[in-house]
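Examination of the molecular architecture
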Amino acid sequence: MLSDNENTYLAKWLNNDLNSQELEELKKLPEYDDYKKIVNGLEHFNAPTFDLQQSLESTSKRLDQPKKVKVIKMKPILYAISAAASIVLIIGLFFNKVTYTTNSGQQLAIVLPDGGSVNLNAASSLSHQRFFWSKNREVKLEGEAFFKVTTGTNFTVTAQLGTIEVLGTQFNVKGRTNQFQVGCYEGKVRVSSTENQQKILQKGDAVSLKDKKLIQEKIKETSPLWMTGESLFNSTPLGEVLDEMERQYGISFRRSQIDQDKLFTGGFNYSDLNIALESVLVPMDIEYIINGPVISLSPR
């Protein structure tokens, strides 16, 4: 299986975006000759021509002739099947997707084929087409990520509850099951919800989806706090705070005895679980018992 770096080189190679040093690195791959043959073969592949009038005349003549027993030769059929299978294989190779996934407590830095970058937060996934990136700069995000997008054709991020369109900028997207938040740190983005609402964000602007409405907000930080190992919340339901703690620490809360709709204002740091538990649970009057990765919660 190709490494992420090799995937990037292949994509840039197809777009003629490789510099000389990157091309030399690509040529060192044992699969390079095979990929070159496939690309050369695609350049000479043409669909067969089809003459409708000639086909109708030929079919009419055959219907007027007596039926004959026909011997079917298998080799041409086998060749046709083999050719069709090769075409399917080539299509699968050039139109499949690259997917990046992070586990709980893990972050990942990704370099896109055009040199743009993505920082993927914990328990998130991002996917895009493996090749022909310059023709389709679109990614699908489940979770949270910070993007630095290079200039070029439109760049689109699709999340479960909305989409973001940009030309060249830095922005953060949180698109989890029940959450959709976008913050713009440079440039300009257009945010669209699945409810057909739109907002234009510039540097320092943010937007959150609440009760199916896009609510515009402001941000003061120069980059998302999660990239420096911290989460802050302002009047956020406790259940969402606990969800984020589970993602960052790889733990699981037993929380059926507590009120998860209570609003929490504050934050926690990713470096120490015990301090994080104290920071969140003590102000909310919640007692906890730690049993390995499972933490049981109850009212104080």
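Residues numbered from 1 in each chain as written. Predicted model: local features only at pLDDT ≥ 70, side-chain atom pairs only at ≥ 80, totals over all residues. Heavy atoms only, no water.

One non-glycine residue, Ser 235, adopts positive backbone phi at about 50°. Looking at where Ser 235 falls in the secondary structure, it is placed in strand S14 (residues 230-237). Even without being a glycine, Asp 285 presents a positive backbone phi close to 55°. Relative to the helices and strands, Asp 285 is located in the loop between helix H7 (273-281) and strand S17 (286-291). (Helix = DSSP H or I, 4+ residues; strand = E, 2+ residues; numbered from the N terminus.)

Side chains that are three or four residues apart share a direction in an α-helix, a result of its 3.6 residues per turn. For helix H6 (residues 238-249), which comprises twelve residues, the first-to-last C-alpha distance of 16 Å matches the rise-based estimate of 16 Å (1.5 Å per residue) to within 8%. Of all the twelve residues making up H6, ten are buried; the element is thus mostly covered by neighbouring parts of the structure. Those residues of H6 that sit buried are Leu 238, Gly 239, Val 241, Leu 242, Glu 244, Met 245, Glu 246, Arg 247, Gln 248 and Tyr 249. Directly after H6, the chain includes Gly 250, whose backbone phi takes a positive value near 65°. (Expected span 1.5 Å × (residues − 1). Buried < 20%, exposed > 50% of the residue type's maximum accessible area, 1.4 Å probe, protein only.)

Alternating residues of strand S1 (residues 97-101) divide into Val 98 and Tyr 100, all buried, and Lys 97, Thr 99 and Thr 101, none buried. Relative to strand S4 (residues 125-129), S1 runs antiparallel, the two sharing five bridges. Bridged to Thr 101 within S4 is Ser 125. (Pairing = 2+ DSSP bridges.)

Once that is clear, we can look at the packing of H6 against H7. Relative orientation of the contacting elements H6 and H7 amounts to 180°, with a least axis distance of 12 Å. Here H7 runs roughly antiparallel to H6, going by the angle between their axes. Of the residues in H7, those touching H6 at Leu 238, Val 241, Leu 242, Met 245 and Tyr 249 are Leu 273, Ala 276, Leu 277, Val 280 and Leu 281. (Axes fitted to C-alpha atoms, helices over the stretch in contact; angles between N-to-C directions. Parallel < 35°, antiparallel > 145°, perpendicular 65-115°, else oblique. Contact = heavy atoms within 4.5 Å.)

All right, on to the nonpolar core then. Grouped together as the largest cluster of nonpolar side chains are 29 residues, with contacts concentrated most on Phe 147, Phe 155, Ile 164, Phe 171 and Phe 180. At four residues, the largest contribution of residues to this core is made by strand S5 (residues 138-148). Counting 23 residues, the second largest nonpolar core, distinct from the first, contains Ile 251, Phe 268, Tyr 270 and Ile 286. (Core = buried A, V, L, I, M, F, W, Y, C linked by side-chain atoms within 4.5 Å.)

With respect to topology, three strands assemble into an open sheet ordered S15-S18-S17, the strand pairing being mixed. The sheet terminates laterally at strand S15 (252-254) and S17, the two strands that pair on one side only. In this sheet, neighbouring strand axes are inclined to one another by 25° on average, regardless of whether the strands run parallel or antiparallel. Here H6 sits on the sheet in contact with S15, S17 and strand S18 (294-299), set at roughly 145° to S15.

Nothing here speaks to function; it is geometry throughout.
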